[in-house]
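Results of the structural survey
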Amino acid sequence: MKEITTDEVKELLDQDADVKVIDVRETDEVAEGHIPGAKNIPLGLLEFRENELDKNEDYVMVCRSGGRSGKATQYLEESGYNVKNMAGGMLAWDGPTAK
C-alpha cells in the first residue's frame, strides 16, 4: 500500500496539484473538520459509490488515524485506482481545515 505524509499532502494542495482527497470518515466526523476540498465517502459506502471515482485520477485517502483510509486504499488499489493513504490521518494533520 502506498502512503503519503501530511506534509506531502499539504505541499500538493498548496501547489494546486491535480490530486483528489477522499475522506472516508463518517459524515458527523467530517462535519467537525476536514481538509478543504475533500470529498466525503464513508468507508462503509465506498463499494457503492466507487463509480464516483475515476481510475485516471490520483487520490489521497484520509480518515481519523489512518486505519479506515488504509482499508479504503487497499480496496481501491485492488480495483485499479491510483491511491495513497495519508499516514496518521486527521490526527496528524496540522494544515487548514473546513467545516
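Refer to the structure printed above.
Predicted model only: the values in this text are computed from it and were never measured. (Residues numbered from 1 in each chain as written. Predicted model: local features only at pLDDT ≥ 70, side-chain atom pairs only at ≥ 80, totals over all residues. Heavy atoms only, no water.)

Regarding the side chain of Asp-23
Note on placement: Asp-23 falls in strand E2 (residues 19-23). Residue Asp-23 is classed as buried on the basis of its relative accessible area of 1%. Within polar-contact distance, the side chain of Asp-23 engages the side chain of Arg-25 at 2.7 Å. Leaving out residues up to four positions away in the same chain, Asp-23 has contacts with Val-30, His-34, Ala-38, Lys-39, Asn-40, Ile-41, Pro-42, Val-62 and Cys-63. (Helix = DSSP H or I, 4+ residues; strand = E, 2+ residues; numbered from the N terminus. Buried < 20%, exposed > 50% of the residue type's maximum accessible area, 1.4 Å probe, protein only. Polar contact = N/O pair within 3.5 Å; in protein donor to acceptor, adjacent residues only side chain to side chain. Contact = heavy atoms within 4.5 Å.)

Quick word on the nonpolar core
Judged by nonpolar contacts, Ile-22, Val-24, Ile-41, Leu-46, Leu-53, Tyr-59, Met-61, Cys-63, Ala-72, Leu-76, Tyr-81 and Val-83 together constitute the single largest core of 12 residues. Val-21, Ile-35, Ala-38 and Val-60 belong to the second-largest nonpolar core, a separate cluster that totals 11 residues. (Core = buried A, V, L, I, M, F, W, Y, C linked by side-chain atoms within 4.5 Å.)

Notes on the pattern of salt bridges
Taken as a whole and judged by the stated rule, the model has eight salt bridges. We note a salt bridge from Asp-94 to Lys-10, for which the minimum N-O separation is 2.2 Å. In this pair, Asp-94 sits in the segment after helix H5 (89-92) while Lys-10 sits in helix H1 (residues 6-14), placing the two residues 84 residues apart along the sequence. Here Arg-68 and Glu-29 are joined by a salt bridge, their closest N and O atoms 2.8 Å apart. Pair noted here: Arg-68 is in helix H4 (residues 67-78) and Glu-29 is in helix H2 (residues 27-31), with a separation of 39 residues, a long-range link. Members of the salt-bridge network, linked through shared partners, are Asp-7, Lys-10 and Asp-94. (Salt bridge = Lys/Arg side-chain N within 4 Å of Asp/Glu carboxyl O.)

Section: the pairing of strand E4 (residues 58-62)
Of all five residues in E4, four are buried; the element is thus mostly enclosed. Note: E2 against E4, five bridges, orientation parallel. Bridged to Val-21 within E4 is Val-60. The sheet contact formed by E4 and strand E5 (residues 82-86) spans four bridges and is parallel. Each bridged residue has a counterpart across the sheet, and for Val-60 the counterpart in E5 is Lys-84. The parallel pair E4 and E5 is bridged by H4, and the resulting crossover is right-handed. (Pairing = 2+ DSSP bridges. Right-handed = clockwise from strand over helix to strand, strands pointing away.)

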